[in-house]
Amino acid sequence: MDYRKIALYAALVVVALLLWNSWQREFPATNASAATTTASQPAAPAANSSSNGSVPSVPQNNHTVHQAGVKTPVIVSAKNNKHLITVKTDVLNVAIDTLGGNIEQTSLVGYKQEENPQQNVTLFNQNPSSYYVAQSGLTGTQGPDTQKGQVTYRAAQNSYTMTKGKNSLTVDLTWRNTRGLRVTKSYVFKRGSYAVAIHYKVQNSSGKPWTGYVYTQLARTQPGKTGSVLTHYATFTGAAVSSPAEHYQKLKFKNFSDEPLNQNATNGWAAMIQQYFLSAWVPPAQQNYHYYTTTNNDIYTVGMIGPAQIVQPGQSMTTSNTLYVGPAIASNLDILSPHLSMTIDYGWLWFISKIIFWIMKLIHGLIGNWGWSIILTTIVIKVIFYPLSDKSFRSMAGMRKLQPKMVALKERHGSDRQAISKATMELYKTEKVNPLSGCLPIIIQIPVFIGLYWVIMQSVEFRMAPWMFWIKDLSVHDPYYILPVIMGVLMFLQQKLSPPPADPTQAKVMMFMPVIFTVFFLHFPAGLVLYWITNTLFTILHQLYVYKRVANKEKLQKQKLKR
């Protein structure tokens, strides 16, 4: 008995099961995503995890940062009377704490929460269960920020709004001490941009040189674990860094204690990533920064410290870093830093996913609907593989023609499986039919299926993207399960068109496949089911066309023989 086709279908079922498990893990029915904490309900941070966070220790060498220069930071107690400055742009709503001048809250104006569409998606926040902040400062033996905590800045006003006609907005925070040191921390927001420039200007009016180190870091709690144990198929939530040696290095929270990051790199970045959204610090190019990870009281921190900055008496110094906080859109990330778009992790078939998404994005630019983009992309893929599929369906037509002879062979040889197998192979050879060619459409579908799954799972463009009628979000399952049922019916019709296996048991297994797929696809994203429906429908139409073409050809041949 030839189990090749069943084995291929079984492989596709296993893939579907793995992806279904990972989807269940990423979209549990009862747990809200940590990425969508409501900004209107801030709470105090957990005990011993202050809004100003941790200040890295001073490097031992005053001129370069080396691997021994960063120690586990000290978490400072929360400040109760904090003063927040609000900033509103066309894409970001931000709250900056004057203590340390750190961004403690961000909401993304163009992205709504799935569970509460009236609220914007929030990344940075102070809620204990999803604590997540961006921190930066100037550390060193001369301050201003030390292991005891950060300094308090002053601002000219309590709120800033980017007005119409303005393409940028600058928020200046200032601090000075009695010894003549003045620090200005400036945030520069650009219209339509999720990248925020942070400038430090140090003016030294004292009588001694000042030496300090710019540090930037991201600190957050770990989201709760839910769903399947098949975590390696799920989207990644954790930290990531980049360096010339390793362009994209994922850092799992569970390894922060046992395997803390401790490396130097030039032209890199440090990020916290999750499904659809990320935050990242990008240092100046061509500067050697020290990258580190720490964990303390369930707060996980990834950050970097720059080289020593020395300001002589009567002199000043300016240095800059860039903070990105927003959706994981490749075009935004590519212009910010090399390899930052790799945080959109399409898995081990990333090259297929990127091709699929490129085609979809091109089509979406013309029609403006991601659902129709999926359908048209599926058709494009079918056209590309048309010659292979056509050959396969011609072979399947030949197999259908041989069914009566196959039954006769089985009756002639009885239970002698070896004789049946030998006679069958001779029949295939005589009739010039390749039984394996019928498996080709299934083989093609598997990588495309996996690639499209990761595109929908990782591309923020599909998040809450409607198609038509009742499908309001292609990234979640059909709420009425209509698409999976349609898919199951089409798969059943496709099975009826395919030549049935000679073995009755194998035939029953094949006919049961549509039921298995329907059950698996009930909770798959609607966009993926839409692809499968389109693929199956056009496969059926192609098969019917080939069968009719073969039948007409045979009819013409018979007519010629009669003449």
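Overview of the structure. Every value quoted in this text rests on a predicted model; they were computed, and no experiment measured them. (Residues numbered from 1 in each chain as written. Predicted model: local features only at pLDDT ≥ 70, side-chain atom pairs only at ≥ 80, totals over all residues. Heavy atoms only, no water.)

Once that is clear, we can look at the overall build of the chain. Helices and strands together make up the secondary structure of the chain, namely ten helices and 22 strands. Counting over 563 residues, the chain shows a buried share of 53%. About 26100 Å² of surface is accessible on the chain, with carbon and sulfur atoms providing 57% of the total. (Helix = DSSP H or I, 4+ residues; strand = E, 2+ residues; numbered from the N terminus. Buried < 20%, exposed > 50% of the residue type's maximum accessible area, 1.4 Å probe, protein only. Areas by Shrake-Rupley, 256 points an atom, 1.4 Å probe, with all protein chains shown as cover.)

A few words now on the pattern of salt bridges. Within the structure shown, the criterion is met by two salt bridges. A salt bridge links arginine 463 to glutamate 114, with the shortest nitrogen-to-oxygen separation between them at 3.7 Å. Residue arginine 463 is located in the loop between helix 7 (440-458) and helix 8 (482-497), and its partner glutamate 114 is located in the loop between strand 5 (102-112) and strand 6 (120-122); the two are separated by 349 residues in the primary sequence. Relative accessible area serves as the criterion here: at 9%, arginine 463 is assigned to the buried category. The partner of lysine 250 in a salt bridge is aspartate 345, with the nearest N and O atoms 3.1 Å apart. Of this pair, lysine 250 sits in strand 15 (residues 249-251) while aspartate 345 sits in the loop between helix 2 (330-334) and helix 3 (350-367), and the two are 95 residues apart along the sequence. Given the relative accessible area of 40%, lysine 250 is considered partly exposed. (Salt bridge = Lys/Arg side-chain N within 4 Å of Asp/Glu carboxyl O.)

In this section: the packing of aromatic side chains. Summed over all chains, the structure comprises 22 aromatic pairs. Note on phenylalanine 469 and tryptophan 470: the rings are 6.4 Å apart at their centroids and 10° apart in plane angle, and the pair reads as stacked. Here phenylalanine 469 falls in the exposed class, since its relative accessible area comes to 58%. The exposure class assigned to tryptophan 470 is partly exposed, which follows from its relative accessible area of 25%. Taken together, Phe449, Tyr453, Trp454, Phe517, Phe521, Phe524, Tyr531 and Trp532 form an aromatic cluster joined through their ring pairs. Geometry around tyrosine 132 places arginine 220 over its ring, the cationic atom sitting 4.4 Å from the centre. One Lys or Arg, lysine 250, reaches over the ring of phenylalanine 236 and ends 5.0 Å from the middle of that ring. (Phe/Tyr/Trp six-rings, centres within 6.5 Å; stacked < 30°, edge-to-face > 60°. Lys NZ or Arg CZ within 6 Å of the ring centre and 35° of its normal.)

The alternating pattern of strand 16 (residues 262-266) places Gln263 and Ala265 on a buried face, while none of Asn262, Asn264 and Thr266, on the opposite face, is buried. Bridge analysis of strand 16 against strand 19 (residues 288-296) gives five bridges, and the strand direction is antiparallel. Residue glutamine 263 lies in a different strand from strand 19, and its bridge partner there is tyrosine 291. (Pairing = 2+ DSSP bridges.)

The N-to-C vectors of helix 3 and helix 4 (residues 370-384) enclose an angle of 125°; their axes lie 8 Å apart at closest approach. It follows from the interaxial angle that helix 3 and helix 4 lie oblique. The interaxial crossing formed by helix 3 with helix 4 has right-handed handedness. Note on element contacts: helix 4 touches helix 3 through Trp370, Trp372, Ser373, Ile374, Leu376, Thr377 and Val380, opposite Ile356, Phe357, Ile359, Met360, Lys361, Ile363, His364 and Ile367. Here the residues of the contact of helix 3 with helix 4 are counted per class, giving eleven nonpolar, three polar and one charged. (Axes fitted to C-alpha atoms, helices over the stretch in contact; angles between N-to-C directions. Parallel < 35°, antiparallel > 145°, perpendicular 65-115°, else oblique. Left-handed = near helix turned anticlockwise from the far one by under 90°. Contact = heavy atoms within 4.5 Å. Nonpolar A, V, L, I, M, F, W, Y, C, P; charged D, E, K, R; others polar.)

All right, on to the sheet that holds strand 15 then. One open sheet holds the nine strands; their spatial order is 8-10-11-12-22-18-17-14-15, and the pairing between them is antiparallel. Taken across any chain shown, the strands that pair with only one partner, and hence form the sheet edges, are strand 8 (154-155) and strand 15. By the bridge criterion, nine bridges tie strand 10 (residues 168-176) to strand 11 (residues 181-190) in an arrangement that is antiparallel. In the sheet register, threonine 174 faces strand 11, and the bridge partner there is threonine 184.

For the rest of this paragraph, the subject is the nonpolar core. If you look at the biggest cluster of nonpolar residues, it comprises 117 residues, and the most contacted ones within it are Tyr187, Phe189, Leu278 and Phe521. The element best represented in this core is helix 7, accounting for ten residues. Counting six residues, the second-largest nonpolar core is a separate cluster that includes Val55, Tyr213, Tyr292 and Ile305. (Core = buried A, V, L, I, M, F, W, Y, C linked by side-chain atoms within 4.5 Å.)

Of all ten residues in strand 12 (residues 195-204), seven are buried, a share of seventy percent or more. Summarising the sheet, strand 11 and strand 12 pair through nine bridges and their orientation is antiparallel. Considered in strand 12, the bridge of arginine 182 is made with glutamine 203. What sits between strand 11 and strand 12 in their antiparallel hairpin is a turn of four residues, with glycine 192 showing a positive phi close to 75°. Of the strand pairs in this sheet, strand 12 and strand 22 (residues 316-327) are connected by nine bridges, and their pairing is antiparallel. Note on strand 22: the bridge partner recorded for histidine 199 is serine 320.

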